[in-house]
Structure formats: C-alpha cells, structure tokens
Amino acid sequence: MSVAIYVRVSTRNQAESQTIEQQLERLQAHIQAQGWAVPTAQVFRDDGYSGAVLKRPGLDQLRDQAATAAFDRVFITAPDRLARKYV
C-alpha cells in the first residue's frame, strides 16, 4: 500500500495548538500501526496557508502526484486541512 500525508496550519493559533509536527506524528503513528511506510517525498505540507485558498504549494504537489496514481491513500488529520469548505 502506497500512502501519502498532507498537513497544514494556517494561523498562528493553529501553529501553536496543533503544529504540523504534531499532525505528522499522529498520522505517521497511525500509518505505521497499519504496517505501511510513508516515503519522505510523499509528505506534503503547507505552513501558513488558508484553507480558503486551494492554490498552495504542498496541496498542488499532492494533486499532481495523485493524478499520476503515485499513491493509494492520502491521510489527513481532518477534512478542513484540505479546504475550509468541503462537500
């Protein structure tokens, strides 16, 4: 199983209360418990980007690689990490 991780914080408050490193630790622990590994190249991060904006460097790279089926699953801590408004 090939997996990827996406993490993001947008505000100073988020950066202090749920840091990118904390998100990474939670996701990596879950993935390792499943017996999978995440290559460094498949960890995508955006620090300081609002969820209202879909053009973000890490998210752009994630979408580009997803379009080529580079991984089977993407792990996030919450849906609002991808976008502020989602269906």
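Below you will find a few notes about this structure. (Residues numbered from 1 in each chain as written. Predicted model: local features only at pLDDT ≥ 70, side-chain atom pairs only at ≥ 80, totals over all residues. Heavy atoms only, no water.)

1. A few points about the pattern of salt bridges
Stage number 1. A full pass over the atoms with the stated rule returns 3 salt bridges.
Stage number 2. Among the ionic pairs, Glu21 bridges to Arg45, the shortest N-O distance being 3.1 Å. Highlighted residues: Glu21 in helix H2 (residues 20–33) and Arg45 in strand S2 (residues 43–47), separated in sequence by 24 residues.
Stage number 3. Exposure remark for Arg45: the relative accessible area of 39% places this residue in the partly exposed category.
Stage number 4. A salt bridge links Arg63 to Asp60; the nearest nitrogen and oxygen atoms lie 2.5 Å apart. Pair noted here: Arg63 and Asp60 are both in helix H3 (residues 57–67), with a separation of 3 residues, about one helical turn.
Stage number 5. Salt bridges sharing common partners tie together Lys55, Asp60 and Arg63. (Salt bridge = Lys/Arg side-chain N within 4 Å of Asp/Glu carboxyl O. Helix = DSSP H or I, 4+ residues; strand = E, 2+ residues; numbered from the N terminus. Buried < 20%, exposed > 50% of the residue type's maximum accessible area, 1.4 Å probe, protein only.)

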